[in-house]
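# Fold and contact review
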Amino acid sequence: MARYLRNPLNVAGGLLVLLAVAAAVLAPQIATHDPMRIVISDRLQPPSLEHLFGTDVYGRDVFSRVIYGSRISIRIAVIASLLAFTGGVAIGMLAGLAGGRTDFLLMRAADVLLAFPGLLLAIGISAALGTGETSIMLALWFVYTPRYARLARAASMQVKELDFVDAARALGSRPMRVAWHHVGPNVISPLVIQASVYFSEMILAEAALSFLGLGAPPPTPSWGNILSEGREFMRLAPWISIFPGLFILFSVLGVNLLGDGMRDTLDPRKG
Amino acid sequence: MITVIARRVLTLVPVLIAISFVSFLLLALIPGDPAVVMLGADAPPQALERLRAQLGLDRPFLERFGWWLWSAVRGDLGTSLYQQRSVAVMVMERLPVTLLVCVLATIISVVVGVSLGVIAAIQRNRLTDHVVRVLSLVGLSMPDFWFGLILILTFSIRFPIFPITGFVPLDRDFFASLQFFVLPSLALGLTLAGFLTRLTRASMLEVLSADYVRTARSKGLRARTVVLRHALGTALLPLVTVIGLNFGRLLGGAIVIETVFSLPGVGRLIVLAINQRDFPVVQASVLYVAVIFTIVNLLTDLSYVVLDPRVRYS
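Keep in mind it's a predicted model, so treat the numbers as computed, not measured.

## Thoughts on the overall build of chain B
From N to C terminus, chain B includes 14 helices and 0 strands. Along chain B, helices and strands appear, N-terminal first, in the series α-α-α-α-α-α-α-α-α-α-α-α-α-α. Judged by the C-alpha coordinates and their principal axes, chain B covers about 85 × 60 × 35 Å. Each of the 314 residues in chain B was classed as buried or not, and the buried ones make up 48%. Per element, the accessible surface of chain B, about 15300 Å² overall, is 66% carbon and sulfur. A gap of 14 Å separates the mean positions of the 27 positive and 17 negative side-chain charges of chain B.

## Topic: the domain arrangement of chain B
All names here are of chain B. As far as domains go, chain B holds domain 1 (2–73) and domain 2 (90–307). Distance between the C-alpha centres of domain 1 and domain 2: 32 Å. Contacts between the two partners involve 17 residues from domain 1, matched on the other side by 14 residues from domain 2. Buried area between domain 1 and domain 2, both sides added, is near 1500 Å², and the carbon and sulfur share of it is 78%. It is R8, I19 and M38 in domain 1 that bury the most area against domain 2; as a group they hold 30% of the surface buried on that side. Connecting domain 1 to domain 2 are 1 salt bridge. Among the salt bridges present, the one from D301 reaches R8, with a minimum N-O distance of 2.5 Å. Our count for the domain 1 to domain 2 interface comes out at 3 residue pairs in polar contact (both at pLDDT 80 or more).

## A short note on the interface of chain B and chain A
Every contact between the two is made by 45 residues of chain B and, on the other side, 39 residues of chain A. Our count for the contact surface shared by chain B and chain A stands at 2 salt bridges. The salt bridge partner of R198 of chain B is D260 of chain A, with a shortest N-O separation of 2.9 Å. Inspection of the region where chain B meets chain A yields 8 residue pairs in polar contact (both at pLDDT 80 or more).

## Side note on the packing of helix α1 (residues 2–10) of chain B against helix α2 (residues 12–29) of chain B
Residue and element names in this part refer to chain B. Where α1 meets α2, the closest approach of the two axes is 5 Å, and the angle between their N-to-C directions is 20 degrees. By the angle between their axes, α1 is roughly parallel relative to α2. Taken together, the residues of α2 that come into contact with α1 (itself represented by R8, V9 and L10) are L12, V13 and P14. Its residues assigned to classes, the contact of α1 with α2 shows 5 nonpolar, no polar and 1 charged.

## Here's the deal with helix α4 (residues 45–55) of chain B
Residues and elements named next belong to chain B. All of the buried residues in α4 are A47, L48, L51 and L55. The buried residues of α4 occupy an angular sector of 100 degrees when the element is viewed end-on, so they sit on one face. Counted as exposed and oriented over 90 degrees from the buried face of α4: P45, Q46 and R50. At the C-terminal side of α4, G56 shows a positive phi close to 75 degrees.

## Concerning the packing of helix α2 (residues 8–25) of chain A against helix α4 (residues 62–98) of chain A
Residues and elements named next belong to chain A. One way to put it is that α2 packs onto α4 with a least axis distance of 7 Å and a crossing angle of 105 degrees. What the angle tells us is that α2 and α4 run roughly perpendicular. The residues of α4 that touch α2, namely those facing A20, V21, A23, A24 and V25, are I67, S70, R71 and I74.

## Brief notes about the pattern of salt bridges
On inspection of all chains with the given rule, the structure shows 13 salt bridges over all chains. The residue R60 of chain A makes a salt bridge to D56 of chain A at a minimum N-O spacing of 3.0 Å. Taking relative accessible area as the criterion, R60 of chain A reaches 3% and is therefore assigned buried. We classify D56 of chain A as buried; its relative accessible area is 3%. Ionic pairing is found between D129 of chain B and R201 of chain B, a salt bridge with its closest N-O pair at 2.9 Å. Note that D129 of chain B is positioned in helix α7 (residues 127–141) and R201 of chain B in helix α10 (residues 182–208), a separation of 72 residues in sequence. You'll find D129 of chain B and R201 of chain B in the same group, each marked buried.

## Here's the deal with the side chain of N10 of chain A
By the element assignment, N10 of chain A lies in helix α2. Setting aside residues up to four positions removed in sequence, N10 of chain A forms contacts with Y4, L257, L258 and G261 of chain A.

## Concerning the environment of A31 of chain A
Residue and element names in this part refer to chain A. Mapped onto the elements of the fold, A31 is located in the loop between α3 (27–30) and α4. Residue classification places A31 among the buried positions, given a relative accessible area of 13%. C-alpha of A31 to C-alpha of Y148: the two residues are 117 residues apart in sequence and 36 Å apart in space. Not counting the four nearest positions on each side in its chain, A31 is found in contact with F63, S64, I67 and Y68.

Thresholds, definitions, all that
Residues numbered from 1 in each chain as written. Chains lettered and ligands numbered in written order. Predicted model: local features only at pLDDT ≥ 70, side-chain atom pairs only at ≥ 80, totals over all residues. Heavy atoms only, no water. Helix = DSSP H or I, 4+ residues; strand = E, 2+ residues; numbered from the N terminus. Buried < 20%, exposed > 50% of the residue type's maximum accessible area, 1.4 Å probe, protein only. Areas by Shrake-Rupley, 256 points an atom, 1.4 Å probe, with all protein chains shown as cover. Lys, Arg positive; Asp, Glu negative; His and termini not counted. Charge placed at Lys NZ, Arg CZ, Asp CG, Glu CD. Domains from an automatic or database assignment. Contact = heavy atoms within 4.5 Å. Buried area = accessible area lost by both parts, 1.4 Å probe. Salt bridge = Lys/Arg side-chain N within 4 Å of Asp/Glu carboxyl O. Polar contact = N/O pair within 3.5 Å; in protein donor to acceptor, adjacent residues only side chain to side chain. Axes fitted to C-alpha atoms, helices over the stretch in contact; angles between N-to-C directions. Parallel < 35°, antiparallel > 145°, perpendicular 65-115°, else oblique. Nonpolar A, V, L, I, M, F, W, Y, C, P; charged D, E, K, R; others polar. Arc of directions from axis to C-beta.

Right, dumping it as structure tokens:
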């Protein structure tokens, strides 16, 4: 931990992530206005002390909308990450430990899903399921499960050859116990670092999907849909699109710095 | 080498069948009656009936897939619900735009990413290295479509260098058309460059500490010769795979970026079709783009046969 904190970039990453989470959790306390309240007389106001990030075409406060928007983005990325992580690890370990036909079938299925560009598949799935937060979550779950599964499979195939696993098996542990107590923990730890990469990809993907109008329907604010509403007013009111983008940038940057830091701390040879 | 290539190409067949199965399944994901979802609840019953027949909803699932696959092989992916035109033709018309954006973005990302990565590796732990590392992190943390908007703001609104609206088709006047591609390709290419910079730097550092590079150094060769002649080639080899995989990222990114810049590519087609619930178009576009990605992956694999003498694919 001390070693992790020695690098100022790691500290900065942690702070950025903390800020993003705080914005999501404490949105009602941080927001200065009601994110939904329409005040036509205040439309397209530039940033000021009253409206820190200006106002949009309906006179809504962009700062408050961006703060509330962080809730959706972070919620989707967290839930989809958890789903994909558990699903992927379960499938990957099953394939890696069972081997044979099970392994072959599961991995061919994963290959097929990986043959699609991730964002394209996510767009296709959430378009079919219909717009909304749930369909984006399901789409990202679908897209990322095979990615986790491949990594978990590779890791569990390595781990299962190690002596302590053989020892456990020789002592008569049942396969489920070996998987859960001996292989599992050693598969999960390297995946946690990769999870930070996938988490940041999910935030970007969620933003892209809701930018395209596949996410939470307006007037609910999300980073992506604020950006897309702002696109039409780039000339008159660029602040509507600039600020949510900066929020995405800084949260993703925070996650990436955090992930880099973990990697360097756990594997000091690299970096 | 020919047999190696031929065998590898043959493995494409099951992959392509599986890809079309997944694209076909997309329709099955639609909750409720797809015909109602596409045409709306107040559509006349005859129209709904006709669409159900057209989509084959009245036939068993596997028969429907078999039929779909057979038509797809013959290049028939159905008819658009809104334009009464062949979906395959609509996608093919727009594919060149998307591919050009992706190819230009690939070139930009490789040129920028590799040069910055090499510079950072040579200047390891000096100021330049730190600046490059932060820049590349910012690049890969940035939503590419947002960066596109910032580029529009800077180079189309503040300094009106590139046009913001309109389009000249590629086959009418290639060079006039090209100016519409500059900003979108930069938006995709520069954000992706961050990724390649980091990989090049890491790969370069590994190679620079290898024995044969030390030998070259100790022979008294100039630093530049060592880096360019001895280290770079080896360091770039692992990047080939990444460039291939990145193409998938770009194909996904192009969907969004085409919307930002109103470029008439497949991405724009997909987004319009989604808004109109024109599902045959979405399905066909997804299939085509996935097929292209698969072909790019195949080419990447094959390039190793040519580039890396160690790979013999026994």
